[in-house]
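Letter by letter, the chains look like this.
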Amino acid sequence: MRKLPLLALFLALASPVHAQAPLPQLKAYEVPVGWLTPIEPLRIADHVWQIGTAGITALLVKTDAGAVLIDGGMPQAADLLLAQMQRLGVAPRDLRLILHSHAHGDHVGSLAAIKRATGATLVSNAESAALLERGGSRDIHFGDSITYPPVRAERLVQDGEVVQLGGMAFTVAFTPGHTPGSMSWTLTDTRDGAAVRIAYVDSLSAPGYRLVRNPAYPAIMESFAHGAAVIRKLPCDLLLTPHPEQSGWDYANASRPRPRPMSCAAYADAAEERVKQQAATQRP
């Protein structure tokens with residue numbers, strides 16, 4: 001048999017492929033439009049601003065030693081948040097710390113880009129840091145369907161640890177349930193001449209989760225119960241959550257952004273009851 005040149009042989013073997021349909025295009029996951037809708041910065045307290053979108057919280061805390069960002073929204077929100085910081089007098093080099101609630105793409109998706117632009121130190125815990133480094137892939141509930149640019153945390157905190165900058169103290173409370181690494185943060189600021197204890201409390205929702213006999217998270221119901229118990233006891237004059245409507249906020253309503261004020265205890269009670277009802281529908 002006559003030997004074909006290597007290139008000719010390759011082309012001969014590959015030639016039938018042209019008749020097949022092309023592979024499908026990649027499709028990014030879609031989210032509610034409010035999660036992507038810019039709004040004006042909203043002052044929460046004397047040093048705390050909401051600079052995220054209408055449907056996702058991103059808190060900027062200004063101190064004498066630089067600024068702190070808590071959560072960053074969707075991957076495409078990075079430029080928006082940097083512009084919002086500039087509007088409030090915070091240059092990229094002034095952002096010193098980045099904290100977060102949980103490591104899903106709608107809250108940490110922009111952090112890799114913001115970290116590159118600012119050089120800020122990312123603070124996480126061991127459970128969330130692993131998911132951050134995977135860019136959200138192999139999530140125990142969503143698999144690889146909600147991914148984002150991977151990012152590495154430089155500092156890992158323990159439950160109850162205090163992170164300080166410029167006289168402002170941020171205390172972390174581990175509140176698992178929504179994710180195993182979920183974190184809530186408390187700090188004290190001032191407003192109208194009085195001290196205000198702010199609790200930025202992580203989600204306690206279970207969107208589409210398997211809550212009964214989940215092999216990837218066997219103790220998920222116990223985690224939700226523990227997270228709710230911790231949240232009930234937080235210092236909480238003013239409650240905020242990653243999704244504002246969960247704690248009675250409406251960021252798009254500039255004249256009345258907090259139409260339904262809610263306490264940490266009420267938030268935990270309602271969330272835990274919803275999770276219990278959802279679990280009940282999954283039991284045989």
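The next subject is the overall build of the protein. Secondary structure summary: the protein contains 7 helices and 12 strands in total. Projected onto the principal axes, the alpha-carbon positions of the protein cover approximately 95 × 55 × 35 Å. For the protein, the residues scored as buried account for 48% of the 284 residues in total. Put simply, of all contacts in the protein between residues at least 6 apart along the chain, 63% involve residues at least 24 apart. Of the roughly 14,200 Å² of accessible surface on the protein, a fraction of 56% belongs to carbon and sulfur atoms. For the protein, the distance from the average site of its 26 positive side-chain charges to the average site of its 25 negative ones is 6 Å.

What follows concerns the state of the cysteines. One covalent bond between the sulfur atoms of two cysteine residues makes up a disulfide. Taken as a whole and assessed by the stated rule, the structure comprises 1 disulfide. Sulfur-sulfur distance for the disulfide between C236 and C264 comes to 2.1 Å. Looking along the S-S bond of the C236-C264 disulfide, the torsion reads about 85°, which is the right-handed sense. Of this pair, C236 sits in the loop between α6 (220-232) and β12 (238-240) while C264 sits in helix α7 (residues 264-280); the two residues are 28 residues apart in sequence, bridging distant segments of the chain. The same class applies to C236 and to C264, which are both buried.

Okay, the side chain of T118 next. Here T118 is to be found in helix α4 (residues 111-118). Taking the relative accessible area as the measure of exposure, T118 reaches 12% and is therefore buried. Excluding anything up to four places from it in sequence, T118 contacts L82, P92, R93 and L95.

Judged by nonpolar contacts, the single largest core of 29 residues is most densely connected at F170 and W185. Of all the secondary-structure elements, those providing two or more residues to this core are β3 (59-63), β4 (66-70), β5 (95-99), β8 (162-165), β9 (168-174), β10 (183-191), β11 (194-200) and β12. In this structure, A78, L82, L88 and Y148 belong to the second largest nonpolar core, which totals 26 residues.

Regular strands place side chains that alternate from one sheet face to the opposite one. Among the 5 residues of β4, 5 are classified as buried, and the element is accordingly described as predominantly covered. Alignment of β3 against β4, held across 5 bridges, turns out to be antiparallel. Along β4, the bridge assignment pairs L59 with I70. Between β3 and β4, which pair antiparallel one after the other, the connecting turn spans 2 residues.

This next bit is on the packing of aromatic side chains. One pass over the full model with this rule turns up 2 aromatic pairs. Judged by centre distance (6.0 Å) and plane angle (65°), the ring pair of F142 and Y209 falls under edge-to-face. With a gap of 67 residues between them, F142 in the loop between α5 (126-133) and β7 (155-156) and Y209 in the loop between β11 and α6 connect regions that are remote in the sequence. On the accessibility criterion, Y209 (1% relative accessible area) is buried. When the ring of W249 is compared with that of Y251, the centres are 5.9 Å apart and the planes differ by 50°; the resulting orientation is tilted. Accessibility expressed as a relative area gives 8% for W249, which makes it buried.

This paragraph deals with the sheet that holds β3. Working definition: the strands of a sheet are paired by backbone hydrogen bonds and lie parallel or antiparallel to each other. Across the sheet, which stays open at both edges, the 7 strands sit in the order β1-β2-β3-β4-β5-β6-β7 with mixed pairing between neighbours. Two strands in the sheet have a free side with no partner beyond their single neighbour: β1 (42-43) and β7. Examined bridge by bridge, strand β2 (residues 48-50) and β3 share 3 bridges and lie antiparallel to one another. In the strand pairing of β3, V48 is matched with V61. Here α5 sits on the sheet in contact with β6 (121-124) and β7, set at roughly 125° to β6.

Glancing now at the pairing of β6. As defined by bridge partners, β5 adjoins β6 across 2 bridges and the pair is classed as parallel. By the bridge assignment for β6, L97 is matched with T121. Two elements, β6 and β7, share 2 bridges in a ladder whose sense is parallel. Residue V123 lies in a different strand from β7, and its bridge partner there is R155. Handedness of the β-α-β unit built from β6, α5 and β7 comes out right-handed.

Cut-offs applied
Residues numbered from 1 in each chain as written. Predicted model: local features only at pLDDT ≥ 70, side-chain atom pairs only at ≥ 80, totals over all residues. Heavy atoms only, no water. Helix = DSSP H or I, 4+ residues; strand = E, 2+ residues; numbered from the N terminus. Buried < 20%, exposed > 50% of the residue type's maximum accessible area, 1.4 Å probe, protein only. Contact = heavy atoms within 4.5 Å. Areas by Shrake-Rupley, 256 points an atom, 1.4 Å probe, with all protein chains shown as cover. Lys, Arg positive; Asp, Glu negative; His and termini not counted. Charge placed at Lys NZ, Arg CZ, Asp CG, Glu CD. Disulfide = S-S within 2.5 Å. Core = buried A, V, L, I, M, F, W, Y, C linked by side-chain atoms within 4.5 Å. Pairing = 2+ DSSP bridges. Phe/Tyr/Trp six-rings, centres within 6.5 Å; stacked < 30°, edge-to-face > 60°. Axes fitted to C-alpha atoms, helices over the stretch in contact; angles between N-to-C directions. Right-handed = clockwise from strand over helix to strand, strands pointing away.

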